[in-house]
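As a plain string of letters, each chain reads:
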Amino acid sequence: MGLDTARQLRIEYEETFYHITSRGNQREKIFWDTKDRERLKAILERTQERYGYLFHGYVLMNNHYHLLIETPLANIKQIMQNVNTSYTVFVNRKYNRSGHLFQGRYKGFIVDKDRYLLALSRYIHLNPVRAGAVKRAEEYQWSSYREYLYGSVDGALTDMDETLSFFSKHRAVAVRKYKEFVEAGIRAKTPLGDVAESILGGRTFRERVHGRFAEIVGPWPDIESTSTTVTTLSTGMESRGSASITRRPQAHPFGFIADIELTRCSLISAFGPSPLTN
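This structure is a prediction, so every number in the text was calculated from the model and none was measured. (Residues numbered from 1 in each chain as written. Predicted model: local features only at pLDDT ≥ 70, side-chain atom pairs only at ≥ 80, totals over all residues. Heavy atoms only, no water.)

## Re the side chain of Thr16
Examined against the element boundaries, Thr16 turns out to sit in strand E2 (residues 16-23). On the basis of relative accessible area, Thr16 is assigned to the buried category, the value being 2%. A distance of 3.1 Å separates a polar side-chain atom of Thr16 from the backbone oxygen of Glu14. Among residues more than four places away in sequence, those in contact with Thr16 are Ile69, Glu70, Thr71 and Ile110. (Helix = DSSP H or I, 4+ residues; strand = E, 2+ residues; numbered from the N terminus. Buried < 20%, exposed > 50% of the residue type's maximum accessible area, 1.4 Å probe, protein only. Polar contact = N/O pair within 3.5 Å; in protein donor to acceptor, adjacent residues only side chain to side chain. Contact = heavy atoms within 4.5 Å.)

## Overview of the packing of aromatic side chains
The tally for this structure, following the rule as stated, stands at 12 aromatic pairs. Between Tyr53 and Phe55, the ring centres sit 5.3 Å apart and the planes meet at 80 degrees, which makes this aromatic pair edge-to-face. Among the aromatic residues, those joined into a ring-pair cluster are Phe31, Tyr65, Tyr87, Phe90 and Phe102. Lying over the aromatic face of Phe181, Arg122 brings its terminal NZ or CZ to 4.0 Å of the ring centre. (Phe/Tyr/Trp six-rings, centres within 6.5 Å; stacked < 30°, edge-to-face > 60°. Lys NZ or Arg CZ within 6 Å of the ring centre and 35° of its normal.)

## Points about the packing of helix H1 (residues 34-51) against helix H2 (residues 76-94)
Relative to each other, H1 and H2 sit at 150 degrees, their axes nearing to 10 Å. In this view, H1 runs roughly antiparallel relative to H2, as classed from their interaxial angle. The interaxial crossing formed by H1 with H2 has right-handed handedness. For the pair H1 and H2, contact is made by Lys35, Asp36, Arg39, Leu40, Ile43, Leu44, Arg46, Thr47, Arg50 and Tyr51 and by Gln78, Ile79, Asn82, Val83, Ser86, Tyr87, Phe90 and Lys94, respectively. Classifying every residue of the contact of H1 with H2 by side-chain character gives 8 nonpolar, 4 polar and 6 charged. (Axes fitted to C-alpha atoms, helices over the stretch in contact; angles between N-to-C directions. Parallel < 35°, antiparallel > 145°, perpendicular 65-115°, else oblique. Left-handed = near helix turned anticlockwise from the far one by under 90°. Nonpolar A, V, L, I, M, F, W, Y, C, P; charged D, E, K, R; others polar.)

## Considering the sheet that holds strand E4 (residues 64-71)
The sheet built from 5 strands is open, its strands ordered E3-E4-E2-E5-E6 with mixed pairing. The sheet is open, and its two edges are formed by strand E3 (54-60) and strand E6 (199-200), each paired on a single side. Sheet topology places E2 next to strand E5 (residues 107-111); 4 bridges connect them, and they run antiparallel. Across the sheet, His19 pairs through a bridge with Phe109, a residue of E5. (Pairing = 2+ DSSP bridges.)

## Considering the pattern of salt bridges
Per the counting criterion, the structure on display carries 12 salt bridges. Notably, a salt bridge pairs Arg136 with Glu183, separated by 3.0 Å at the nearest N-O pair. In this pair, Arg136 sits in the loop between helix H4 (127-130) and helix H5 (145-150) while Glu183 sits in helix H7 (residues 171-183), placing the two residues 47 residues apart along the sequence. On the basis of relative accessibility, which here comes to 39%, the residue Arg136 falls in the partly exposed class. In this structure, Glu183 and Lys179 form a salt bridge, with 2.6 Å as the shortest nitrogen-oxygen distance. Remark: Lys179 and Glu183 occur in helix H7; sequence separation between them is 4 residues, near one turn of the helix. (Salt bridge = Lys/Arg side-chain N within 4 Å of Asp/Glu carboxyl O.)

Pasting the structure below:
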């Protein structure tokens, strides 16, 4: 199962690494000028201070964005609700518009950081090149790639140390080798093609996620069957929390979103549009 799947589980628990994307409604723009992108960056900085998460990389394209986020706490849903809602309010007020800015909820994959951090970092930083916005990744102003290469005068939004440590203990050497690694990847296969069950990782990693989920919530839901998913989420939580099924016929032919809220872990089984492929 890869990116063609229409079903996505949104999983959150402590000490978790995510690839996050959000796209404009009907693939329309979400940024119109420099100040719009600056506002989203300011929102990201504010939520980072509030929720205590780490950025490993980002890119802000015209009609979507990519984020690499690590959450010490189980709070990715709160983070992304805050980010997208705050930015939508800003845009609607500025441009005297109303309604949805983003196409549904954010898309988030839980990631095996040890295996995919470098590939994802390269993938998002090359997004503007593949889209034809620039010829070289460092020419694009609205990504964390320049922070990796040159640092940041205003204080970097991105935690670069872990990524660069894969290349060398010495920062100058690590930056040079990282740049070579990124530039060599323009024709590399997208790592997102390896996503299965909303998890980007090998079989062992997926089994570990399943096991951790089972310890907190219950058996891993069968997302191939809507009835099985509803039953599992409803009965599996009776002694540990609460589950609600909200009917949304307009959102998707399957017509529901199931939410579980826990202190340590939550799952959202959302049947919606396919994730971003670029």
